[in-house]
Amino acid sequence: MDFITESHYYRVMPMLFEGLVWTLLITGVGLIFGFILGAIFGFARLSKNKLIYGLATVYVEVVRGTPILAQILFIYFGLSDLMGVNIDKITASIIAIAINAGAYIAEIVRGAVYSIDKGQDEAGRSIGLTRNQTMRYIIWPQAFRRMIPPLGNQFVISLKDTSLFSVIAVGELLYMGQQYYGATFAAFEALTMVCIMYLVITVPTAVYLRRVERRLDV
Amino acid sequence: MMISVRDLHKSFGSVEVLKGIDAEIKEQEVVCVIGPSGSGKSTFLRCLNLLEEVTSGEVYIEGDNLTDPKININEVRSRVGMVFQHFNLFPHRTVLENITLGPIKVKGIKKKDAEEAALPLLEKVGLSDKADVYPESLSGGQKQRVAIARSLAMEPRIMLFDEPTSALDPELVGDVLEVMKDLAKEGMTMVVVTHEMGFAREVGDRVLFMDEGVIMEEDVPENLFGNPQNPRTQEFLSKVL
């Protein structure tokens, strides 16, 4: 058994587990806020009010048109510089995921709500439900089901994006792998295990999503 | 008058679909609206509960002017049931939940009471055994009968039907028309846009023939079908009868 426990593949694991916890935490918390932002801006993109629509469109286009690496550097260094305060690395990472995913989720929300047949809205309104009630009890529940596959896809994308936060030395999964081979020179072993750790999360998610998608198709 | 329409105009962009409609519909009257497609008959019906915004003119439901900006349109709509060509049932809710949603959320009736009230409605449309299924498992005719029950659950004063049998397989049309006939017998005020000339003749108290955005001719069914005066009416009827 010694050949296992003494190998780099094994010895890198405690660090990678620590990194994975941060990766999942940043992704999870970031996406919760990202979903809130996405819902707000998604509805704003459906608004007939030109100002609200315009502001939401600017947000979506700016975020989608710039690299997330630039966004994290902007939040961590740029904003700190501007405001003269240091933002905590983890906080900056969560903000970056939230703002970045928020723009993509806004498009997911807009598309899903828009895809619900207009007759559903008319049926709701015709029995006397208000606009908000119709959205809440009829449109949103149906739209939300359609959002599940693209939201899962966004989860996978955001999870992988957290690896970019290694540039500001956030102790996430990839960064921890780098730390390990920086000290041991075992880059092949460390990076192999890093990739396996990502796959352990992303592959089951993808399989699960395909199953959900098939069920929604029927 | 249950419904009064005065000089109703409706345009979509630069296209004028309704070019001045005047109509009066009395309590318990069953009015069928017929005409070629594109004649504006569905648009006319949809103006009666403001699913379409009115461009100009007035629509009164039981004396309430729908075009008055201060009108509580949700309250008016709760008194005016509407049945759609494509049913528009809520697919994420069971049959029973489809029926009770309005009473619970609009009228504030307790869930238990709304469910109790829904059962006789399901019986009326012949679907007592379908309370707990989802709409996707129903046939088109069954869906439409659920949609009628859903509207009736609001205890409307008026029922609007927008080509209720046009999307149905021919063998399923009869059951839906039966339910509508029963409603008419019970004295419901109904406006029915339809291609079912047999229904219009048998159940309608009055038939409106619409073409090119106006009511070309209106009369009791015997006269309109038996002895149409307007050449457009004659031409239309010669094609469909």
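Keep in mind that this is a model prediction, so the values were computed, not measured.

Concerning the environment of Gly13(B)
Residues and elements named next belong to chain B.
Here's step 1: Mapped onto the secondary structure, Gly 13 falls in the loop between strand 1 (3-12) and strand 2 (15-25).
Here's step 2: Assessed through its relative accessible area of 72%, Gly 13 is described here as exposed.
Here's step 3: For the pair Gly 13 and Leu 50, spaced 37 residues apart in the sequence, the C-alpha separation amounts to 17 Å.

Focus on the nonpolar core
As a rule of thumb, soluble globular proteins bury nonpolar side chains together.
Residue and element names in this part refer to chain B.
Here's step 1: One finds Ile 3, Leu 8, Phe 44 and Leu 48 to be the most contacted residues of the largest nonpolar core, which totals 66 residues.
Here's step 2: Look past the residues within four positions of Leu 8 in its chain and what remains in contact with it is Leu 18, Lys 19, Gly 20, Ile 21, Phe 44, Cys 47, Val 54, Ser 56, Gly 57 and Val 59.
Here's step 3: Val 125, Met 180, Met 188 and Met 197 belong to the second largest nonpolar core, which has 45 residues in total.

Focus on the pattern of salt bridges
Where side chains of opposite charge bring their charged atoms close, a pairing between them can arise.
Residues and elements named next belong to chain B.
Here's step 1: Counting across every chain of the model gives 25 salt bridges over all chains.
Here's step 2: Across the pair Glu 29 and Arg 206 runs a salt bridge, and its minimum N-O distance is 2.7 Å. Highlighted residues: Glu 29 in the loop between strand 2 and strand 3 (30-34) and Arg 206 in strand 9 (residues 206-211), separated in sequence by 177 residues.
Here's step 3: We classify Glu 29 as buried; its relative accessible area is 8%.

Let's talk about the UniProt feature "transmembrane region" (unreviewed entry) in chain A
Residue and element names in this part refer to chain A.
Here's step 1: UniProt annotation of "transmembrane region" (unreviewed entry) refers to residues 20-44, 51-78, 90-109, 155-175 and 181-209 when read in the numbering used here.
Here's step 2: What you have in residues 155-175 is 48% helix and 0% strand, and the ends, taken at the C-alpha atoms, are 20 Å apart.
Here's step 3: The straight-line gap between the two end C-alpha atoms of residues 181-209 is 34 Å; of that span, 93% is helix and 0% is strand.

Topic: the environment of Arg232(B)
Residue and element names in this part refer to chain B.
Here's step 1: Looking at where Arg 232 falls in the secondary structure, it is placed in helix 9 (residues 231-240).
Here's step 2: Assessed through its relative accessible area of 26%, Arg 232 is described here as partly exposed.
Here's step 3: Through-space distance from the C-alpha of Arg 232 to that of Gly 35 is 9.6 Å; in sequence the pair is 197 residues apart.
Here's step 4: Here Arg 232 is in contact with Pro 36, Phe 209, Asp 211 and Met 216, once residues within four sequence places are set aside.

What to know about the sheet that holds strand 5 (residues 64-65) of chain B
All names here are of chain B.
Here's step 1: With antiparallel pairing, four strands are arranged side by side in an open sheet as 2-1-4-5. Because the sheet does not close on itself, it has two edges, and the strands there are strand 2 and strand 5.
Here's step 2: Of the pairings in the sheet, the one linking strand 4 (residues 56-61) to strand 5 comprises two bridges and is antiparallel in character. When the sheet's bridge partners are listed, Tyr 60 is paired in strand 5 with Asn 65.

A look at the packing of helix 3 (residues 95-105) of chain B against helix 5 (residues 140-152) of chain B
Residue and element names in this part refer to chain B.
Here's step 1: Put simply, helix 3 and helix 5 touch, their axes get as near as 7 Å, and they point 25 degrees apart. It follows from the interaxial angle that helix 3 and helix 5 lie roughly parallel. For helix 3 against helix 5, the interelement crossing comes out right-handed. Packed against helix 3, whose contacting residues are Val 95, Asn 98 and Ile 99, the element helix 5 presents Val 146, Ala 149 and Arg 150 at the interface.
Here's step 2: The residue inventory of the contact of helix 3 with helix 5, partitioned by class, reads four nonpolar, one polar and one charged.

Calculation rules
Residues numbered from 1 in each chain as written. Chains lettered and ligands numbered in written order. Predicted model: local features only at pLDDT ≥ 70, side-chain atom pairs only at ≥ 80, totals over all residues. Heavy atoms only, no water. Helix = DSSP H or I, 4+ residues; strand = E, 2+ residues; numbered from the N terminus. Buried < 20%, exposed > 50% of the residue type's maximum accessible area, 1.4 Å probe, protein only. Core = buried A, V, L, I, M, F, W, Y, C linked by side-chain atoms within 4.5 Å. Contact = heavy atoms within 4.5 Å. Salt bridge = Lys/Arg side-chain N within 4 Å of Asp/Glu carboxyl O. UniProt positions renumbered as here; feature names shortened; annotations may be inferred. Pairing = 2+ DSSP bridges. Axes fitted to C-alpha atoms, helices over the stretch in contact; angles between N-to-C directions. Parallel < 35°, antiparallel > 145°, perpendicular 65-115°, else oblique. Left-handed = near helix turned anticlockwise from the far one by under 90°. Nonpolar A, V, L, I, M, F, W, Y, C, P; charged D, E, K, R; others polar.

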